[in-house]
Structure formats: structure tokens, C-alpha cells
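Observations on the three-dimensional arrangement
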Amino acid sequence: MDLITIVGNVATVCTILSGLSGLPICLEFIRKGSTLNASILPFLAGMICTNLWLQYSIILSDNMLLTVNLITTLLQTMYVLCYSIITSEKKTAQQMLGTAITFLFLTYVYGFHVIGKTSATNTIGFMAAFSSIAASAAPLASVSQVFSTKSSESLPAPIIFSTFIVTALWFIYGVLVEDSFIQIPNFIGAVLSGFQLSLIVIYPSTKVIKKE
């Protein structure tokens, strides 16, 4: 087994495990019969991101990327459907889901039936890379609060840690297969999540444990 296969397999397993993080949330939705004021946007963003990477892997005929993105796309789509069924704001959720599906359908038609393979690789690859960077940067919205409170309580530590591991592994894979669309967003993602992890170390959570 060569190094590319080893790194790809480890990255695949870690990505799938990270993708399962939405399962406990959906189970809680089902248990309480409510989406608990949670937003559909993180679920939609995940569905769009994994679907774009799935399209990119199909264009490249990269079986390693195809496997992981097929599984994570199915997971993210399941989370979105779960939210849409349970939420009390069904009309809004369905409209946003419809918009996301339309966007993904148009990217598929454009990438696979309008432009050639080289152009499709660049276009879909760029969109997938941008969506990954946006997803990795999302927790940065809480950074100002961390500095002002000198506490990392607002940062989702488990998600940030898993993001760091996954992006670092896929960056290494991108270097090995010499694909800049895999290298660049995952390098940026690893740097951003690494920065957030450093904040967690510097400013530990100051949650107060109440004594019974």
C-alpha cells in the first residue's frame, strides 16, 4: 500500500467520523420534536460543500475523493431533510432547500454538460475550495468575543479539533496527488482551525461548575 492510499484512507475515515457529528443533533431534534431554534444554514452549507466536492471527484475520477464525498453528501442531505421535516418553519426551510438544490443542479448541468472537462475541473474545483474555506472560517465569528471575555467558551472545541485533523490530512493528500484545489483550501482550513485551537489553549473556557 503506497503513501497516497494510506493518507487517503486515514483522511477518509476521519472525515466520515467528523461528518457523523450532525447525527446526535438530529436525534435530539427527533427526541424533542423540535429543531430547538437551531438554524438550517450550517446543515445546508454542509450539503452544498460536500456535493460540490462530490462533483469535483467525479470529474477527476478520483475514487478516494468519490467515496468520502458520496458518504458525507448522503449524511449532510439526511441532516437537512431531518431538519426540514421537524422544523416549525417548514415553508422557509423548504424554500432554502429548494434554492440549494437548484444551485447544485445548475452547477452539475454547467460542469458536466456545458463546458469541457478542463474548464469544469477549474470551475467546480474553485467553488468547492471556496466552500471549504468558508466552512473552516465560520467559527472565527466568535474570535472577538474570545478576546473580550478572555474565554474560549464560545468556540466549539470538538468541531474545531476535528476540522484541524481532517484539513491537515487532506492537505497532505493534496500535496501527494499534486492537486492545488485540494491543497490550498485544506492548508487554509488547517491554519484557521490551528489558530482557533491556540486560542482555546491560551484562553481556556471559564464555565462555572455549579455545586449541588
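Residues numbered from 1 in each chain as written. Predicted model: local features only at pLDDT ≥ 70, side-chain atom pairs only at ≥ 80, totals over all residues. Heavy atoms only, no water.

The name recorded for the chain in an unreviewed UniProt entry is Sugar transporter SWEET1, from Trichonephila clavata.

**Considerations on the UniProt feature "transmembrane region" (unreviewed entry) in the chain**
Heads up, the condition is: UniProt positions are given in the numbering used here, feature names are shortened, and annotations may be inferred rather than shown by experiment. Under the DSSP-based scheme used, a helix requires at least four consecutive residues in state H or I and a strand at least two consecutive residues in state E, with every element numbered from the N terminus.
When the UniProt feature table is mapped onto this chain, "transmembrane region" (unreviewed entry) is found at residues 6-27, 39-58, 64-85, 97-116, 122-143, 155-176 and 182-203. In residues 39-58, helix accounts for 90% and strand for 0%; the two terminal C-alpha atoms are 30 Å from one another.

**Regarding unusual backbone geometry**
Using the following cut-off: Summary of the burial criterion: residues with accessible area below 20% of their type's maximum are buried, those above 50% are exposed, and those between are partly exposed, where the area comes from a 1.4 Å probe applied to protein chains only.
Non-glycine residue S61 carries a positive phi angle of around 60°. By the element assignment, S61 lies in the loop between α3 (41-60) and α4 (63-86). You can call S61 exposed: its relative accessible area is 56%. Phi at E178 takes a positive value of approximately 60°, unusual for a residue other than glycine. Within the fold, E178 resides in the loop between α8 (157-177) and α9 (180-202).

**Quick word on a nonpolar patch on the surface**
Under the convention used in this document: The patches reported here contain residues having more than 30% relative accessible area and no salt bridge. Joining distances are 9 Å for like charges and 5 Å for nonpolar side chains (Val, Leu, Ile, Met, Phe, Trp, Tyr). For every accessible area listed, the method is Shrake-Rupley and the probe measures 1.4 Å; residues are considered covered only by the protein chains on display. Counted as salt bridges are all cases of a side-chain nitrogen of Lys or Arg within 4 Å of a carboxyl oxygen of Asp or Glu.
The grouping of V13, L17, L20, L23, L27, I30 and M78 at the surface amounts to a nonpolar patch, some 620 Å² of accessible area in total. The leading source of residues in the nonpolar patch is helix α2 (residues 22-32), at 3 residues. For V13, the position within the fold is in helix α1 (residues 3-19). V13 gets classed as partly exposed once you look at its relative accessible area, which sits at 48%.

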